[in-house]
Amino acid sequence: MKAVTWQGKRDVRVEDVPDPRIEEPTDAVIRVTSTGLCGSDLHLYEVLTPFMSPGDVLGHEPMGIVEEVGSEVSGLRPGDRVVVPFQIACGHCFMCGTGLPTQCETTQVTGEGMGAAIFGYSRLYGSVPGGQAEYLRVPQAQFGPIKVPEGPPDDRFVYLSDVLPTAWQAVEYAAVPPGGTLAVLGLGPIGDMACRIARARGAERVFGVDLVPERLARAQRRGVETYDLRAFDNEKSLVHAIQEETGGRGPDAVIDAVGTEAHGGAAAKLAQQATALMPRKLSAPLAERFSIDRLGALYMAIDLVRRGGTISLSGVYGGMADPMPMLTLFDKQIQLRMGQANVRRWTDQILPYLTDEDPLGVQDFATHRLPLTEAPHAYEMFQRKQDGAVKILMQP
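Each chain has its residues counted from 1, running along the sequence as written. For a predicted model such as this one, the threshold for reporting local features is a pLDDT of at least 70, and the threshold for listing and counting side-chain atom pairs is 80 or more; totals across whole chains, interfaces and linings nevertheless cover every residue. No hydrogens and no water enter the side-chain calculation; it runs on all heavy atoms of the structure.

Caption draft 1: Fine view of unusual backbone geometry. Its identity is not glycine, yet Ser 122 carries a phi of approximately 75°, on the positive side. Topologically, Ser 122 is positioned in the loop between helix 2 (94-97) and strand 7 (135-138). Ser 122 sits in the buried class, given a relative accessible area of 3%. Despite not being glycine, Ala 175 shows a phi value in the positive range, around 55°. Each helix corresponds to a stretch of at least 4 residues labelled H or I by DSSP, and each strand to a stretch of at least 2 residues labelled E; elements are numbered beginning at the N terminus. Relative to the elements of secondary structure, Ala 175 occurs in the loop between helix 3 (163-174) and strand 9 (181-185). Each residue is assigned to one of three classes by its accessible area relative to the maximum for its type, calculated with a 1.4 Å probe on protein chains only: buried under 20%, partly exposed between the two thresholds, exposed over 50%.

The structure is reproduced here in structure tokens:
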């Protein structure tokens, strides 16, 4: 089959790889009909290269048609239309039972000290072949796949794999009070969708910050009060402008949907680039233990949020030796919540929004739809933020 494979920094290729097959009685095999390109994939494209191996199959936002199921998979049969969550979880362990499938004790990558395995996402998360492919083996299929109805186009449901639950959890963790205010830093797919969900769930005012014109325009069209970072002399001026709109206090909550790809932090950027160029045996431990994230967005969130407010992190951070302004966090009594999205915890709450009325605008959420064979171009375009690329879907 054809699949998108990682070959090196900024080098992905569509290659022939072996077809997946049932390996465990809890497996299923699906024929992929749509698969997304995620901002997190760019971390593999650029930053997390020490944890990748040439030939790794990428992608964690697929949906498709069930082709085959293992003997212990109930509730699924060939022909079912399903969305596959990005994380792999069993549904019956202690962590899954507490609503944290991201920490599934059956699939935890204990050798790396990490949580549940993730499709197409490096050695840190199990090196499981991903969903940017014609077919996908789905472990723990008795729990993971989400059955969706026939009829509507894939765009109606494909974002259940990642974008929707990640944005939903970001808003849930932000705990915006009824009629409250929320600022979202970063208006890529997750930040954009978080704005939509927050407004649909009753936030009175949503402020969106970015520096890409197309992203700002998209959010503004949906009622978000947008701020172009380039229009301010410095970040302090931007923080002050939003605080002035909230009685001088700052918003009740801030979602950091940027993560380690925040602009600024030149020294950290150089450190990231250096680890990507080092021999793998040296670069992986350095990147994992001593990397310095580019924390500009998180520092801004700490400055911006009101005292007693909440910061919700959905952007991915990878460093473990980063200075944190603990004095400010403590003094402002800030609540901080974060983590990979617990997909199946939220899907039943999200599905009622995926109606013909389309209140979240999922059916025109993608800016680009490309055949899988154009994946190298898609990655380059998305990484460089060219041609208004905000969300890219690929079809095998």
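Caption draft 2: Focus on the sheet that holds strand 4 (residues 56-57). Ordered in space as 2-1-4, the three strands form an open sheet in which the pairing is antiparallel. Only two strands of the sheet have a single neighbouring strand rather than two, namely strand 2 (11-16) and strand 4. Two strands make a pair as long as DSSP finds a minimum of two bridges between them. Across six bridges, the pairing between strand 1 (residues 2-8) and strand 2 is antiparallel. Each bridged residue has a counterpart across the sheet, and for Val 4 the counterpart in strand 2 is Val 14. It only takes one pair of heavy atoms within 4.5 Å for two residues to be counted as in contact. Axes here mean lines fitted to C-alpha atoms, for a helix over just the part in contact, with angles spanning 0 to 180 degrees between N-to-C directions. In this fold helix 12 (residues 375-384) packs onto strand 1 and strand 2, with an angle of close to 160° to the strand it touches most, strand 2.

Caption draft 3: Focus on the packing of helix 6 (residues 235-244) against helix 9 (residues 296-304). Contact geometry for helix 6 and helix 9: axes closest at 10 Å, N-to-C directions at 40°. In terms of orientation, helix 6 lies oblique with respect to helix 9. Between helix 6 and helix 9 lies a crossing of right-handed hand. Residue-level inspection shows Glu 235, Lys 236, Leu 238, Val 239, Ile 242 and Gln 243 of helix 6 in contact with helix 9, the latter providing Gly 296, Met 300, Asp 303 and Leu 304. Under the grouping applied here, Gly and all other residues not named as nonpolar or charged are polar, the nonpolar ones being Ala, Val, Leu, Ile, Met, Phe, Trp, Tyr, Cys and Pro and the charged ones Asp, Glu, Lys and Arg. The residue makeup of the contact of helix 6 with helix 9, split by class, is five nonpolar, two polar and three charged. With respect to orientation, any angle under 35 degrees is reported as roughly parallel, any angle over 145 as roughly antiparallel, any angle of 65 to 115 as roughly perpendicular, and every other angle as oblique. Crossings are assigned a handedness: left-handed for a near helix turned anticlockwise from the far helix by less than a right angle, right-handed for a clockwise turn.

Caption draft 4: Structural view of the environment of Gly 131. Mapped onto the elements, Gly 131 comes out in the loop between helix 2 and strand 7. Classification of Gly 131 as buried rests on a relative accessible area of 0%. The spatial distance from the C-alpha of Gly 131 to the C-alpha of Pro 62 is 5.4 Å, given a sequence separation of 69 residues. Here Gly 131 is in contact with Val 32, Thr 35, Leu 58, Gly 59, His 60, Pro 62 and Leu 136, once residues within four sequence places are set aside.

Caption draft 5: Spotlight on the pairing of strand 15 (residues 368-371). Here strand 15 shows a buried face lined by His 368 and Leu 370 and an unburied face lined by Arg 369 and Pro 371. Relative to strand 16 (residues 392-395), strand 15 runs parallel, the two being bridged by four bridges. In the sheet register, Leu 370 faces strand 16, and the bridge partner there is Met 394. Note that the unit made of strand 15, helix 12 and strand 16 has a crossover that is right-handed. Note on handedness: a crossover is taken as right-handed if, strands pointing away from the viewer, the path from the first strand over the helix to the second is clockwise.

Caption draft 6: The arrangement of the packing of aromatic side chains in detail. Two rings from Phe, Tyr or Trp (for Trp, the six-membered ring) form a pair when their centres are within 6.5 Å of each other. A pair whose planes differ by under 30 degrees is stacked, one over 60 is edge-to-face, and the rest are tilted. The final tally for this structure, using the stated rule, is six aromatic pairs. Aromatic side chains Tyr 159 and Phe 365 sit 5.2 Å apart centroid to centroid with 75° between the ring planes, which places their arrangement in the edge-to-face category. Taken together, the residues span a long stretch of sequence, with Tyr 159 in the loop between strand 8 (146-147) and helix 3 and Phe 365 in the loop between helix 11 (343-350) and strand 15 at a distance of 206 residues. Of the two residues, Tyr 159 and Phe 365, neither departs from the other in class, the shared state being buried. Site record: aromatic cluster; members linked through ring pairs are Phe 207, Tyr 227 and Phe 232.

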